Amino acid sequence: MARTLEADYLVVGAGAMGMAFTDTLIDHADVRVAMVDRRHGVGGHWLEAYPFIRLHQASAFYGVASSMLGGGKLQVSGPETGLQERANQAEITAYYGQMLDRMLETGKVDFLPNSHFDGDHTVVSHIAGVQFEVPESCRIVNAHYLAPSIPAETAPPFDVADAARVLPINDLARLEEAPSRYVVVGAGKTASDACIWLLARGVDPDAICWVRPRDPWMFNRALIQPEPAIFLRMAADVMQISEGAASLSGLFLQLEDAGILLRIDRSVMPTMAKTPTLASWELDLLRSISNVVRRGHIESVDRGKLTFADGAMRVADDALVVHAAADGLKYPPLVPVWRQEDITLQPIRTGFPCFGAALIGYVEATRTDDAEKNRLCPPSNYGNSMSQWAKATVLGTRAAINFTAQPDIKAWSDGVALNPARVPPGYPHSAALDDARERLAIHTRPALARLVELM
């Protein structure tokens, strides 16, 4: 017999977006929410991430609206002194555990871990086999539509012979004997993290072979900070440069010249634009690796040999191949956030998924008409190619113009640290902030029109 669970919302997925949505919804509406997740706790992929991972952005941009992750502290030592702190895996998982406790204490939330949703108002426990049913009136919230793939849970995207040494990035921290060579496979943030971690622990750059099918564009972390004068100045520069760009590649090169975007090898034009943030010290380390293989994706790994579509290359017999090649971010079609069958959480402002999920929670709590909700919160894609980055910038900026035109949403979003473009109440006046705001007012709309042409 299934047990009945009284709930107005069933949130499927208790990762970053599911938690951000639920946190804001229960703070602004008298509702009951059931959250379900296949994992043993909340926090999504952070529970399985490699132990040396850190947020690539400031902690303040991540988490839930009711409680700032990290408290907005600045780093006081190391190569990023003066920048906002970036939480590590242990800090993030502990934070989400605390946020779950807060939600449960309200009496508005039930959490069903180690369980799955069957698609028809029923949740099944993997551990006890117990079934829970929610009422037909319960609204389903799809919080896993964009759930990322990570190496710890994804097989390598290439064949692995029995004699080959292939490990996911998680297992780097558990090595007991050093190989003569490391082969890091992947082009994104995970592969960069693997290289940086190895180099920071004394591995010779010449002992690393980096199989990088594509080169990435990255944001300069010093400019993606929760300081309005800094962030809005960067945004104004992006709009001003975009307005006059002659081509998409020319735009990216101009943004690089302005110190906004970074690339590892200035002799190679990157084609990947997921645009995580990177610090100058990390860039220096990555540039020290000279053995970079750009032959596309690996097809198979054998002892002492990597095979590509265009042939094979030799590596040391004891080479350790580090699997950092999970596809990470997902790129399913954009769908309306509010549909008859569900609420599908997606980014609203590009690059800041937690803010988007919290915003959806606020709009759900304060509006009744789904068409109006969708007008205020049109979804934005993640960037992958340069063209997709341009599209994400256009969609996210248009959405911000929409929702900030509503006085209550503007007031709420200015009080939420997750919002990168906020100007908090009482923030001091400055010439730099006035200049950024003025340039945004002048250049944003023509910049969006130009980006549409360049897309």
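Definitions and limits used
Positions within a chain are numbered from 1, following the residues in the order the chain's sequence is written. Reporting of local features is limited, given that this is a predicted model, to residues whose pLDDT is at least 70; pairs of side-chain atoms are given and counted only at 80 or more, and all residues count toward the totals for whole chains, interfaces and linings. Side-chain measures were taken over the full set of non-hydrogen atoms in the model, leaving aside hydrogen atoms and water. Only protein chains enter the accessibility calculation, which uses a 1.4 Å probe; a residue is then buried when its area is under 20% of its type maximum, exposed when over 50%, and partly exposed in between. Each helix is a run of DSSP H or I of at least 4 residues and each strand a run of E of at least 2, with the numbering of both proceeding from the N terminus. Between two residues, a contact is recorded if the distance between any of their heavy atoms is within 4.5 Å. Here, any two strands with at least 2 DSSP bridges between them count as paired. Residues belong to a common nonpolar core when they are buried Ala, Val, Leu, Ile, Met, Phe, Trp, Tyr or Cys residues joined through side-chain atoms within 4.5 Å. For helices, the fitted axis covers only the stretch in contact; all axes are lines through C-alpha atoms, and the angles between them, taken along N-to-C directions, range from 0 to 180 degrees.

Draft legend 1. Spotlight on helix 10 (residues 407-414). All of the buried residues in helix 10 are Ile409, Trp412, Ser413 and Asp414. Looking at the buried positions of helix 10, the neighbouring elements they touch are helix 1 (16-28), helix 7 (353-366), helix 8 (370-376) and helix 9 (386-404).

Draft legend 2. Region of the structure containing the sheet that holds strand 7 (residues 131-133). With mixed pairing, 4 strands are arranged side by side in an open sheet as 1-7-6-5. The open sheet has two edge strands, strand 1 (3-4) and strand 5 (115-117), and neither has a second partner. In terms of strand pairing, strand 6 (residues 122-125) meets strand 7 through 3 bridges, oriented antiparallel. Bridging across to strand 7, Val124 finds its partner in Gln131.

Draft legend 3. Focus on the nonpolar core. In this structure, Met35, Tyr96 and Leu172 are the most contacted members of the largest nonpolar core, which totals 118 residues. Counting residues in hydrophobic clusters, the runner-up holds 15 residues, among them Cys209, Leu306, Phe308 and Ala319.

Draft legend 4. Representation of the sheet that holds strand 3 (residues 33-36). With respect to topology, 5 strands assemble into an open sheet ordered 4-3-2-8-21, the strand pairing being parallel. Edge positions in the sheet fall to strand 4 (109-112) and strand 21 (343-344), since each has one partner strand and no second. Bridging between strand 8 (residues 139-142) and strand 21 involves 2 bridges; their strand directions are parallel. The partner of Asn142 across the bridge, within strand 21, is Thr344. Across the sheet, helix 2 (residues 89-105) touches strand 3 and strand 4, and the angle it forms with strand 4 is around 130 degrees.

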